[in-house]
Each structure stands twice: as C-alpha cells, then as structure tokens.
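# Descriptive structure summary
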Amino acid sequence: MKLEGACALVTGAPKRVGREIALELARAGANVAITFRSSQADADHTVDELRSLGVEAVAIQLDLRDRGSIAGAIRELEAGMGPIDVLVNNASYFEPTPFPTEDHGGWYATFEVVLHGPYHLANLLAPGMLDRGRGSIVNIVDLSAWHPWPDRGAHSVAKSALLALTRQLAVELAPSVTVNAVAAGPTVPAQSFDEAQIERLARRTLAGRWGEVADVAAAVRFLAGSTSVTGDCITVDGGERWGHVRERFGD
Ligand SMILES: NC(=O)c1ccc[n+]([C@@H]2O[C@H](COP(=O)([O-])OP(=O)(O)OC[C@H]3O[C@@H](n4cnc5c(N)ncnc54)[C@H](OP(=O)(O)O)[C@@H]3O)[C@@H](O)[C@H]2O)c1
C-alpha cells in the first residue's frame, strides 16, 4: 500500500518508540495523527517535528481506559484529517501486576490499553478501510507474547492476546486490509529500570546491546505499506529470544 498521502494513526506516540514510528511514517509521506494520554508537551513537539517533514500532523488526547471516548476521538480525527488508512497500536501500560493480589486495577488497566483499545480502534476503522479497499494495522508486541514475564502477568497475557488478535483480524479483514505485529526487544529503557537491569537485558540479547528504535520503526513502515504480508510478526529484538541458548552453553 502506498504510504505517500495516506493517513496514519499511531497511539501513545508523544515520545519514545511511538514518536519514532510516527516520524518514520511521515518520512514515507503519510499524514500522521498521534495520540497521547498525559504527555501533551512532548506530543506538541512531535507534531512540530512531523510537520517539518512536510506532512499534516495532529495530536489528540486519548485515554484508552475510557472506552466510551474512543469512537468520538476517531470521528473528530477523521473529520479533520480524512479517513485513516494505517493504524499502529503502540500505546502501552507497563506496570507490575504481582499475583496473587487483592488489587485488580492494574490487570484491567493493562488490558484496556494493550488489548481492548486496539480491538475497538480496529473495529472502528476497519469498515472504512474495507470500503476503500485498502488499509493496514500494525500491533506492537514484545517477547512476552510468547514467554511469561515475572510480575508482569497482565502485560504478558495482554500482549499474547494482542498477537492472537493480530492473526484473527488478518483473517477477518483479508484480502484488502493487512494486519501484522512487530515484536520489539529491549529498545528504550523504562524509566523504572536501574543501570544493572539495563545492562542485564543487553547481555541477554545476541547483539549484546539495546536495539535501535529506528529498526522497530522501519519494520512498522514496511508492514504498514506491505500488501503481501499479513497475519505475521517481525521480531526486532537483537536476538533476545535466542540469548538463552548461548547462556546454556556457557558462552
Ligand atoms: N521500550 C522498549 O524497549 C520496548 C520493548 C519491547 C516492546 N515495546 C513496545 O513498544 C511500544 C512502545 O514502547 P514504549 O516503551 O515507547 O511505550 P511506553 O512509553 O510505555 O508507552 C507509550 C505511550 O503509551 C501511552 N499510554 C499509557 N497509558 C495510556 C492510556 N491509558 N491510554 C492511552 N495511551 C496510554 C503513554 O502516553 P503519555 O506519555 O501521553 O501518557 C505513553 O507515552 C509498546 O507497545 C511496548 O510494549 C517497547
């Protein structure tokens, strides 16, 4: 699918990985809408950067936990920018959710942001994409889609479900709309990570270092524009999923 002149929506993109994805799609010529929840100043700055690339850009506030607000936000966005051809579900809620627990708030919040938000956004945008005979959806996951992560149960289970949703929607929306995922490895450290954690995660990859955010963005750009890849996932993890093999043999 031609990205030039297309309209893309990237959720949770005021900064970090989402910002880079938005900029990469703009470099491909797409007009880009980004959503933010709390980082308005970063979102405004990113919009300025996007516009400086010669495309239309806008930022809207959207809290995916507020399910009732999603349809209105999309209507407003499409009224201003035109129909959305590319949806990138990037927003994330990466809080610990220890188990067992008496506080289930983190579990539900994670699912709203990581799974139900993408489901509702896809459901709202798919009819237009199908009518126009073109569209692509890219969901951002990570290795927790395949492996449980201690203390991050909600995140792992929600990302696994997001990967399953990717395949399901690829089947439902074929042939005119493609649905894929990008599984990132360690790319931009969470603010809560200390130096030891950052170093340990780097050592666990075959590359021996944190990944380049530009590589994640390039994978998204490829999938967003591809008409022949659907229901699949590109892993951009510096070989993190094979790091255990090297550890096992004492290298
Ligand atoms: N960073 C990495 O190394 C890494 C590794 C593997 C996979 N990933 C995946 O790549 C994606 C981006 O990673 P990241 O580290 O850049 O993500 P992040 O900083 O954890 O979150 C991205 C954005 O999500 C938004 N967000 C949080 N709660 C929200 C809510 N309730 N409703 C709507 N938006 C909400 C936040 O917007 P505000 O700032 O405006 O509140 C935040 O800027 C995520 O899907 C993540 O799982 C990242």
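Given the structure is predicted, the values throughout are model-derived calculations rather than measurements.

### Here's the deal with the site of the ligand
- Around the ligand, the surrounding shell holds 28 residues, and the nearest of these are Arg 16, Arg 37, Ser 38, Ser 39 and Thr 187.
- One of the side-chain nitrogen or oxygen atoms of Arg 16 is found 2.8 Å away from an oxygen atom of the ligand.
- In this structure, Val 17 approaches the ligand through a main-chain N or O atom, which is 3.2 Å from an oxygen atom.
- Calculation on the ligand without its partners gives an accessible area of 880 Å², and the protein chains cover 90% of this total.
- If you tally residues by element for the shell around the ligand, the top one is strand 5 (residues 135–142), at three residues.
- Classifying every residue of the shell around the ligand gives 13 nonpolar, eight polar and seven charged.

### Describing the side chain of Glu 20
- Relative to the helices and strands, Glu 20 is located in helix 1 (residues 16–27).
- One polar contact links Glu 20 to Arg 19, side chain to side chain, over a distance of 2.6 Å.
- Apart from the residues lying within four places of it in its own chain, the contact partners of Glu 20 are Val 213 and Ala 217.

### Quick notes on the pattern of salt bridges
- For the structure shown, the criterion picks out eleven salt bridges.
- Here Arg 19 and Glu 20 are joined by a salt bridge, their closest N and O atoms 2.6 Å apart.
- What makes Glu 20 buried here is its relative accessible area of 18%.
- Among the salt bridges present, the one from Glu 49 reaches Arg 19, with a minimum N-O distance of 2.8 Å. Of the two residues, Glu 49 is situated in helix 2 (residues 40–52) and Arg 19 in helix 1; the sequence distance between them amounts to 30 residues.
- Look at Glu 49 and you get partly exposed, because its relative accessible area is 21%.
- Residue Arg 19 is classed as partly exposed on the basis of its relative accessible area, which comes to 21%.

Cut-offs used in this document
Residues numbered from 1 in each chain as written. Predicted model: local features only at pLDDT ≥ 70, side-chain atom pairs only at ≥ 80, totals over all residues. Heavy atoms only, no water. Near = heavy atom within 4 Å. Polar contact = N/O pair within 3.5 Å; in protein donor to acceptor, adjacent residues only side chain to side chain. Areas by Shrake-Rupley, 256 points an atom, 1.4 Å probe, with all protein chains shown as cover. Helix = DSSP H or I, 4+ residues; strand = E, 2+ residues; numbered from the N terminus. Nonpolar A, V, L, I, M, F, W, Y, C, P; charged D, E, K, R; others polar. Contact = heavy atoms within 4.5 Å. Salt bridge = Lys/Arg side-chain N within 4 Å of Asp/Glu carboxyl O. Buried < 20%, exposed > 50% of the residue type's maximum accessible area, 1.4 Å probe, protein only.

Take it as geometry only, folks, not as evidence of what the structure does.
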